[in-house]
Amino acid sequence: MSLLIRGASQVATPLGDTARRGTEFGRLSIIENAVIRCEGADLVFVGDAAEHDRRFPAPERVLDAAGGCVIPGFVDPHTHPVWAGSREDEFNRRLAGESYMDIARSGGGINATVRATRAAAFEELLQGTIARLDTFLEHGTTTIEAKSGYGLDLATEVRMLEVIGAADRKHPVDLHPTCLAAHEVPAEHRGDPERWVEELVAEIHPSIARRGLAEAVDVFCEDGVFGLDATRRLLADAAALGWRIHLHADELTPLGGTELAVEFNALSADHLMHVTDAGIAALAGSQTVAVLLPGTSFFLRSSYAPARRMAEAGCAVALATDCNPGSSPTESMPMILSLATLQMGLTIEEALTGATLNSAAAIDRAAEIGSLEAGKRADIAVLNGPSYHHLVYHFGVNPIRHVVKSGEIVVRDGQRIAG
Ligand code: NIG
Ligand code: FE
């Protein structure tokens, strides 16, 4: 089936099939009054309407952008979208001065969600995840990376990754699964965290790799969770299993996880609120993408990653929601773009590139998605406003009018279309 999107005021997109950095980070292609043609799941033409009409037959379907701006569907390269329960009870405690780590040490935090998730059946987890995916899609996100990590035992980690696989098959949003069994030390191993690392290496990671349930591994490399030595051991083992690497690095303290991620040629080093100059230099000289999560800084009322310095040093910078029940309960990439611009000082052009092409590179998919050009997948968002500036200008509301995923209309006039 062919689909023609017409009536757009402009098409705004980065171009290329690798992460953009340096002066290219903020360079968009902006074509006024362009049309976009999809054939099946693929983009086949982006450009002038008259040229389209000369080269192609009449389309089978038309979507009217109604004067909106057209951008690539967002790629969210860091999410924890599978969980049961919720943690709104921690909100006022944090406002009253308790830190994220204080709450974790008192039995809340990740381990609270682990208790609820272990007790939840497959179907309950799947329904919760699908509901979140609808929200992702309504906010313009067409692909996410999705982590496990609220099981912290083999059975529940497997169940979470099977939920991610089932959600990928059932829902238009594409999910790229990451094993984050090394998210925390579970309560039953608190007295002997080394044994937990041994269990991850000897049993949990190999069993999950054998089942083919994950593309990549992640570790919460943090003081009091997995230190540098434990993280190094986990990453070396995971790389030998054939997994690519993402790493929660330098989120709460400057431990040096960023340099470790670069040493292991990770796809991404994530969070980086406390990255050091040495970490920035290491990233700038590597292919590892810096995935920044300003929603977490906003929600935990902590500092923001030094995005401007990283961009100027030549790092490949991407943006993600970190969607999770404890430190960033949001599916909204437009919210993340608001924070990336107003709080971290990225330009709108850089933020859009960071949320599309560079985030596709962070999950090794920049050749297929992340920009609007012939040959890429037809994953497209149409904004309510006439220029991409409206993404962040009209803040705190959903700026998305329509969404097309793999050539199918899945959100029309802000409403999710079933299927
Ligand atoms: O990315 N840092 C560790 N993991 C999550 C938080 C998960 C949670 O609090 O449930 C994060 O911030
Ligand atoms: Fe995270």
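Residues numbered from 1 in each chain as written. Chains lettered and ligands numbered in written order. Predicted model: local features only at pLDDT ≥ 70, side-chain atom pairs only at ≥ 80, totals over all residues. Heavy atoms only, no water.

Enquirer: Please clarify how the coordination of the iron ion (ligand 2) should be interpreted in this entry.
Expert: Ideal geometry at a metal gives 109.5 degrees between four tetrahedral donors and either 90 or 180 degrees between six octahedral ones. Coordination of the iron ion (ligand 2) by the protein involves H78 (NE2), H80 (NE2), H248 (NE2) and D322 (OD), with metal-donor separations of 2.1 to 2.2 Å. Donor residues for the iron ion (ligand 2) sit on one chain with the sequence pattern H-x1-H-x167-H-x73-D. On the criterion of sequence distance, the pair formed by H80 in the loop between β8 (74-76) and α2 (89-95) and H248 in strand β12 (residues 244-249) is long-range, its members being 168 residues apart. (Donors = N, O, S within 2.8 Å, 3.2 Å for Na, K, Ca; no water. Helix = DSSP H or I, 4+ residues; strand = E, 2+ residues; numbered from the N terminus.)

Enquirer: Please explain the state of the cysteines as it appears in this structure.
Expert: Covalent bonding between the sulfur atoms of two cysteines defines a disulfide. Inspection of the entire model under this criterion finds zero disulfides. Among the cysteines around C179, which has no disulfide bond, C221 carries the closest sulfur, lying 16 Å off. Residue class for C221 comes out buried when judged on its relative accessible area of 1%. (Disulfide = S-S within 2.5 Å. Buried < 20%, exposed > 50% of the residue type's maximum accessible area, 1.4 Å probe, protein only.)

Enquirer: Would you mind showing me how to read unusual backbone geometry here?
Expert: In terms of backbone geometry, most residues other than glycine have negative phi values and most peptide bonds are trans. We note that L272 has phi near 65°; this positive angle belongs to a residue other than glycine. One can find L272 in the loop between β13 (268-271) and α10 (277-284). Taking relative accessible area as the criterion, L272 reaches 0% and is therefore assigned buried. Despite not being glycine, D364 shows a phi value in the positive range, around 65°. Within the fold, D364 resides in the loop between α15 (357-362) and β16 (380-383).

Enquirer: So what exactly am I meant to see when it comes to the site of ligand 1 here?
Expert: Near ligand 1 you find 15 residues, and of these Y100, Y150, H183, E251 and S327 are the closest. A distance of 2.7 Å separates a nitrogen atom of ligand 1 from a polar side-chain atom of H183. Here D322 contributes a side-chain N or O atom positioned 2.9 Å from an oxygen atom of ligand 1. For ligand 1, the accessible surface in isolation is 330 Å², of which the surrounding protein chains cover 100%. Across the shell around ligand 1, the residue classes break down as four nonpolar, eight polar and three charged. (Near = heavy atom within 4 Å. Polar contact = N/O pair within 3.5 Å; in protein donor to acceptor, adjacent residues only side chain to side chain. Areas by Shrake-Rupley, 256 points an atom, 1.4 Å probe, with all protein chains shown as cover. Nonpolar A, V, L, I, M, F, W, Y, C, P; charged D, E, K, R; others polar.)

Enquirer: Which parts of the structure should I look at to understand the sheet that holds strand β10 (residues 174-182)?
Expert: Sheet strands pair by backbone hydrogen bonding; their relative direction is either parallel or antiparallel. Spatial strand order, β8-β9-β10-β11-β12-β13-β14-β15: eight strands in an open sheet with parallel pairing. The open sheet has two free edges, formed respectively by β8 and β15 (317-319), since each of these has just one partner strand. If you compare each strand with its neighbour and ignore which way they point, the axes differ by 25° on average. Pairing geometry for β10 and strand β11 (residues 216-219), over three bridges, is parallel. Across the sheet, the residue bridging to C179 is V217, located in β11. Seen against the sheet, helix α13 (residues 333-342) touches β8, β9 (141-147) and β15 and runs at an angle of roughly 85° to β8. (Pairing = 2+ DSSP bridges. Axes fitted to C-alpha atoms, helices over the stretch in contact; angles between N-to-C directions. Contact = heavy atoms within 4.5 Å.)

Enquirer: Can you walk me through the sheet that holds strand β2 (residues 10-13) in this structure?
Expert: Judged by pairing direction, the sheet is mixed, and its seven strands sit side by side in the order β3-β2-β7-β16-β17-β18-β19 without closing on themselves. Of all strands in the sheet, those bounded by a partner on one side alone are β3 (29-32) and β19 (415-416). Two elements, strand β18 (residues 408-412) and β19, share two bridges in a ladder whose sense is antiparallel. What sits directly across from R412, in β19, is Q415.

Enquirer: What exactly am I supposed to notice about the pattern of salt bridges here?
Expert: Opposite charge on two side chains makes pairing possible when the charged atoms of those side chains draw close. Under the definition given, this model contains 26 salt bridges. Of the charged contacts, one joins D102 and R105 as a salt bridge, the two residues approaching to 3.8 Å between their closest N and O atoms. Here D102 pairs with R105, and both are found in helix α3 (residues 100-105), just three residues apart, close to one helical turn. A relative accessible area of 33% means that D102 is categorised as partly exposed. On the basis of relative accessible area, R105 is assigned to the exposed category, the value being 66%. (Salt bridge = Lys/Arg side-chain N within 4 Å of Asp/Glu carboxyl O.)

Enquirer: Got a minute to help me understand the nonpolar core in this structure?
Expert: In summary, soluble globular proteins display a tendency toward joint burial of nonpolar side chains. Counting residues in each nonpolar core, the largest one holds 98 residues, and the members touching the most others are I71, I208 and L292. It is helix α6 (residues 154-170) that contributes the most residues to this core, eight residues altogether. Other than its neighbours up to four places away in sequence, I71 contacts A12, L352, L372, I380, A381, L383, Y388 and L391. (Core = buried A, V, L, I, M, F, W, Y, C linked by side-chain atoms within 4.5 Å.)

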